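# Summary of structural features
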Amino acid sequence: MKLISRLKNRDAQIGVIGLGYVGLPLAMEFAKAGFQVHGVDTSEEVVRRVKECCPACKDVSPELLAKLIAAGRFEPTTDYDALRDCDAICICVPTPLAADREPDLSFVESASREIAARLRADQLVVLESTSYPGTTAEVVLPILSSNGLAVGQDFFLGYSPERVDPGNKTYTVKNTPRLVAGITPPCLEATVTLYSQIVDQVVEVSSPAAAEMAKLLENTFRAVNIALVNEVALLCDRLGLNVWEIIEAAATKPFGFMKFTPGPGVGGHCIPVDPHYLSWKARQHGFNTRLVDVATQVNAQMPEHVTHKVAAALSEHGIPIDQASVLILGVAYKPDVGDVRETPAAGIIEGLAQKGAKVTYHDPFVPEFSANGYRMHSQQMTEELLASSDCVVLVTNHSAYSHGRIAEKAKILIDTRNSVKSCNGRTTENVISMYEVTGQGQG
Ligand SMILES: NC(=O)c1ccc[n+]([C@@H]2O[C@H](COP(=O)([O-])OP(=O)(O)OC[C@H]3O[C@@H](n4cnc5c(N)ncnc54)[C@H](O)[C@@H]3O)[C@@H](O)[C@H]2O)c1
């Protein structure tokens, strides 16, 4: 197969569709490995930011990005015609939920149609977006085959789920083992060869549906375990037990236990979304994923629990919530990223605003944020702001936050991540470490 030798010789051209948190690091990894890479994104804003080396994804080095662009190794564009010369094309577009919380594959479908319009012999197409089992074979393949080319002979189709963890400095595209599958054996061979050029370990899976299911299992595993520990935290709150102590105690068991921690709720493009893809697929086959659905509900209720905690803490200090000013620290869904998709901060801010609180926020990664129907701007983090707010809620424990200083200045600090405790060793009077019994503000 000519494609295989071009990939091995690294004189193949690679196309990456979607230059977000998944596509951009991937494109750069291929470019670093010596391939000529074309990055296609329908958003002019995204392409402009990539060209100016200030993309939303902060995991990539702006210096390296500039170098790869200047060397002509990586060409970001909005023009799908750039794919005509590509030997392999990776699809890294969003797979969100529609308004009815069902899978929205419109981005995958439209990217597939654009490829199909230009598909030629000996090209490899790989879907990387997370989706339910059957997406590659039942959704992408029919679109690509519509022009008469035969899969496994004329062109090749595979699935390889991205496992990138934004903000994770230890595991990157290169050193995270990569699942790969192909529609036919030649498709698998081509897909294995492609990823072997940039990742240390490639793991073959028997079919795209198996790889799609494995990806959903990975993320649903997290969602269910987070829900379990969130539920245990709520129970400990009632029982007067300190859940953080209990988790640390349980985590001393060297086998059969994996540590998860409670928090303000789940966010991002994966954990709150992927279980819905799984349960939707299950329903198509007359099966109810009861455990997964309950876990989704438990996690979705956590922001409401935070707002109750805030209201109770304010009330204990004699401040009615409708007269209170509340400062939210961190609106991104996880530390040290600027991604606000499905962030629990939105539910917390909306809940507090509905109760009449005056809510402001600070986030070093998110200059603007829309919640409760209006656009907010990140406040400057000053000691005055901390001290003048009736209540400060630490939602996202960005590493730039000086927890000690925040605890010292805030009148009341609700710490949804137990960060202050782990930073100071002991909680001060004004700090309510969520789920910890402090005698204050128990909801
Ligand atoms: N973000 C993560 O941590 C993560 C991790 C693993 C897997 N995933 C999965 O990877 C996929 C992509 O996620 P992401 O976080 O990179 O999304 P993203 O929103 O950061 O990036 C997607 C990009 O695709 C572009 N796009 C949308 N439709 C397009 C089209 N038809 N043609 C070209 N470009 C198009 C968007 O403009 C955007 O820039 C999703 O399926 C997601 O579930 C995400």
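Residues numbered from 1 in each chain as written. Predicted model: local features only at pLDDT ≥ 70, side-chain atom pairs only at ≥ 80, totals over all residues.

### Digging into the overall build of the chain
Along the chain, the regular secondary structure elements total 16 helices and 15 strands. Relative to a compact globule of 443 residues, whose C-alpha radius of gyration would be 22 Å, the chain shows 24 Å and is just as compact. Expressed as a percentage of the 443 residues in the chain, the buried residues total 48%. In the chain, the proportion of contacts linking residues at least 24 apart, taken out of those at least 6 apart, comes to 68%. (Helix = DSSP H or I, 4+ residues; strand = E, 2+ residues; numbered from the N terminus. Rg over C-alpha atoms; globule rule 2.2 N^0.38 Å. Buried ≥ 20, exposed ≤ 12 C-beta atoms within 10 Å, placed from the backbone. Contact = placed C-beta atoms within 7 Å.)

### Side note on the pairing of strand S2 (residues 36-40)
Within S2, four of the five residues are buried, leaving the element largely enclosed by the surrounding structure. As defined by bridge partners, strand S1 (residues 13-17) adjoins S2 across five bridges and the pair is classed as parallel. Note on S2: the bridge partner recorded for Ile-17 is Val-40. Where the polypeptide runs from S1 across helix H2 (residues 23-32) and back to S2, its parallel neighbour, the crossover connection is right-handed. Bridge analysis of S2 against strand S3 (residues 74-77) gives four bridges, and the strand direction is parallel. For His-38, the partnering residue across the bridge sits in S3 and is Glu-75. (Pairing = 2+ DSSP bridges. Right-handed = clockwise from strand over helix to strand, strands pointing away.)

### Points about helix H7 (residues 185-196)
Look at H7: 16 Å from first C-alpha to last across twelve residues, which is about the 16 Å you get at 1.5 Å a residue. All of the buried residues in H7 are Cys-187, Leu-188, Ala-190, Thr-191, Val-192, Thr-193, Leu-194 and Tyr-195. Among the structural elements, helix H1 (2-9), strand S4 (88-91), strand S5 (124-127), strand S6 (156-159), strand S7 (178-182) and strand S8 (202-204) are those in contact with the buried residues of H7. (Expected span 1.5 Å × (residues − 1).)

### Quick look at the confidence of the model for the chain
The predicted coordinates should not be examined in detail at positions where pLDDT is low. Mean pLDDT over the chain works out to 93, with 95% of the residues at or above the 70 mark. Confidence drops under pLDDT 50 across residues 436-443; counting only partners more than four residues distant or on other chains, this segment forms 22 contacts. (pLDDT = per-residue confidence, 0-100.)

### Looking at the site of the ligand
Within the structure, the ligand sits among 27 residues, and Gly-18, Gly-20, Tyr-21, Val-22 and Ser-129 are positioned closest to it. With three residues, helix H5 (residues 106-116) is the largest single contributor of residues to the shell around the ligand. For the shell around the ligand, the residue count by class is 14 nonpolar, ten polar and three charged. (Near = placed C-beta within 6 Å. Nonpolar A, V, L, I, M, F, W, Y, C, P; charged D, E, K, R; others polar.)

### Some details on the packing of helix H10 (residues 274-284) against helix H11 (residues 290-300)
In the contact formed by H10 and H11, the axes pass within 10 Å of each other and the chain directions differ by 150°. With respect to the hand of their crossing, H10 and H11 are arranged in left-handed fashion. In this structure, H10 contributes Pro-275, Leu-278 and Ser-279 to the contact, and H11 contributes Val-292, Asp-293, Ala-295 and Thr-296. Residues that form the contact of H10 with H11 fall into these classes: four nonpolar, two polar and one charged. (Axes fitted to C-alpha atoms, helices over the stretch in contact; angles between N-to-C directions. Left-handed = near helix turned anticlockwise from the far one by under 90°.)

### Structural notes on the domain arrangement of the chain
Accessible area lost upon the coming together of the parts serves often as the stated size of an interface. Domain boundaries assigned for the chain yield domain 1 (2-207) and domain 2 (224-433). A straight line from the C-alpha centre of domain 1 to that of domain 2 covers 34 Å. Each side of the interface is counted separately: domain 1 has 15 residues, and domain 2 has 15 residues. (Domains from an automatic or database assignment.)

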